[in-house]
Amino acid sequence: MEQEKFEPKITAFVCNWCTYTGADLAGTSRLKYVTNIKMIRVPCTGRIDQVFIIKAFEKGADGVLISGCHPNDCHYNTGNFHARRRWILFRQLLNFIGIDSTRLHFSWVSASEGKKFVDVVTEVINKVKVQGKFKKYEKINKEFAIHE
Ligand code: FES
């Protein structure tokens with residue numbers, strides 16, 4: 001019952017050139033998708049620092065999505081390849097520090113794939129709904145908020 005009410009908060013780091021434009025296309029095409037996703041536009045997935053992801057979880061995200069240009073379509077040639085290699089290692093680090101790495105999702109969505117963007121977001125939301133709320137930082141944040 002509680003799981004049905006749970007609306008996960010998703011933070012999405014999206015590449016300006018592909019996924020962000022794909023999301024925009026979804027909007028202009030009037031495709032409906034959930035609104036509990038916060039999008040942070042970055043120049044390229046290669047620009048995403050791993051600390052951004054940890055910070056997103058720390059600040060209340062239940063799941064994180066990273067999405068950019070398809071392989072060989074990166075506007076900076078190899079940014080997405082560098083990102084992909086980095087994420088493979090980063091998953092192990094996430095698990096090591098106690099963040100379930102299955103809450104981190106990746107996708108390639110081009111500027112013309114508005115429908116795919118909606119499908120990806122829906123899939124991420126549904127997976128995180130099953131996992132439930134991410135609570136690792138809840139207690140720390142509450143204690144910290146008292147002292148602010
Ligand atoms: Fe989109 Fe590099 S410019 S992933």
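Before any of the text, the structure's been laid out above.
Residue numbers run consecutively from 1 along every chain, following the written order of its sequence. Where totals are concerned, whole chains, interfaces and linings use all residues; where local detail is concerned, this predicted model gives features only for residues with pLDDT of at least 70, and gives and counts side-chain atom pairs only at 80 or more. Note that the side-chain values use all heavy atoms of the structure and ignore hydrogens as well as water.

(A) Highlighting helix α4 (residues 79–96). Think of it this way: any DSSP run of H or I at least four residues long counts as a helix, any run of E at least two long counts as a strand, and we number them from the N terminus. The length a helix should cover is 1.5 Å for every residue beyond the first. Helix length check: α4, at 18 residues, gives a terminal C-alpha distance of 26 Å against a target of 26 Å (1.5 Å per residue), a fit within 8%. One axis is fitted to the seven residues ending at the residue and one to the seven starting there. The bend at that residue is the angle between these axes. Along α4, the sharpest change in direction is near 30° and occurs at leucine 89. Listing the buried residues of α4 in full gives Gly79, Asn80, Ala83, Trp87, Phe90 and Leu94. The elements touched by buried residues of α4 are α3 (50–58), β3 (63–68) and β4 (104–108). A positive phi of about 95° marks glycine 98, the residue just after α4. Accessibility here uses a 1.4 Å probe with only protein chains present; expressed as a share of the type maximum, an area under 20% marks a residue as buried, one over 50% as exposed, and anything in between as partly exposed. The contact criterion used throughout is that any non-hydrogen atoms of two residues lie within 4.5 Å.

(B) Quick peek at the packing of α3 against α4. Viewed as axis vectors pointing N to C, α3 and α4 meet at an angle of 40°, and their least axial separation amounts to 11 Å. With respect to α4, the axis of α3 lies oblique. The chirality of how α3 crosses α4 is right-handed. Residue-level contacts link Gln50, Ile53 and Ile54 of α3 to Arg86, Trp87, Phe90 and Leu94 of α4. Across the contact of α3 with α4, the residue classes break down as five nonpolar, one polar and one charged. What counts as an axis is a line fitted to C-alpha atoms, over the stretch in contact for a helix, and the angles between N-to-C directions run from 0 to 180 degrees. An angle below 35 degrees is read as roughly parallel, one above 145 as roughly antiparallel, one from 65 to 115 as roughly perpendicular, and any other as oblique. It is the rotation of the near helix from the far one that decides the hand of a crossing: anticlockwise by less than a right angle makes it left-handed, clockwise makes it right-handed. Amino acids outside the nonpolar list (Ala, Val, Leu, Ile, Met, Phe, Trp, Tyr, Cys, Pro) and the charged list (Asp, Glu, Lys, Arg) are all regarded as polar, and Gly is one of them.

(C) Up close: the pattern of salt bridges. The salt bridge criterion pairs a side-chain nitrogen of Lys or Arg with a carboxyl oxygen of Asp or Glu, the two atoms within 4 Å. With the rule as written, the count across this model stands at five salt bridges. Its salt-bridge partner being glutamate 7, residue lysine 129 comes within 3.6 Å of it at the nearest N-O pair. Of this pair, lysine 129 sits in helix α5 (residues 114–131) while glutamate 7 sits in the loop between α1 (2–5) and β1 (10–15), and the two are 122 residues apart along the sequence. The partner of lysine 115 in a salt bridge is aspartate 119, and the shortest N-O contact between them spans 2.8 Å. Placement of the pair is lysine 115 and aspartate 119 together in helix α5, with a separation of four residues, close to one helical turn. Note on lysine 115: relative accessible area 51%, which makes it exposed. You can call aspartate 119 partly exposed: its relative accessible area is 38%.

(D) Representation of the pairing of β4 in the model. DSSP calls a pair of strands paired once it identifies at least 2 bridges connecting them. Relative to β4, β3 runs parallel, the two sharing five bridges. For glycine 68, the partnering residue across the bridge sits in β4 and is tryptophan 108. When the strands point away from the viewer and the connection leading from the first strand across the helix to the second strand turns clockwise, the crossover is called right-handed. In terms of handedness, the path from β3 via α4 over to β4 forms a crossover that is right-handed.

(E) Spatial organisation of the packing of aromatic side chains. The pairing test for Phe, Tyr and Trp rings, Trp by its six-membered ring, is centres within 6.5 Å, and the orientation test on the planes gives stacked under 30 degrees, edge-to-face over 60, and tilted for anything in between. In this structure the tally under the stated criterion is six aromatic pairs. Ring geometry for tyrosine 33 against phenylalanine 117: centres 5.3 Å apart, planes inclined by 85°, an arrangement best described as edge-to-face. Placement of tyrosine 33 in the loop between α2 (19–28) and β2 (37–42) and of phenylalanine 117 in helix α5 is noted, with a sequence separation of 84 residues between them. When its relative accessible area of 1% is taken as the criterion, phenylalanine 117 is described as buried. Centre to centre, the rings of tryptophan 87 and phenylalanine 90 are 5.9 Å apart; their planes meet at 65°, and the pair counts as edge-to-face. Highlighted residues: tryptophan 87 and phenylalanine 90, both in helix α4, separated by three residues, approximately one helical turn. Each member of the pair, tryptophan 87 as well as phenylalanine 90, is classed as buried. An aromatic cluster is defined as three or more aromatic residues linked by ring pairs; in this entry it consists of Phe57, Phe134 and Tyr137. Charge over a ring is defined by NZ of Lys or CZ of Arg lying within 6 Å of the ring centre and within 35 degrees of the ring normal. Seen from the ring of tyrosine 20, arginine 41 lies directly overhead, with NZ or CZ sitting 4.1 Å from the centre. Looking at lysine 136, its charged tip hangs above the ring of tyrosine 137, at a distance of 5.9 Å from the centre.

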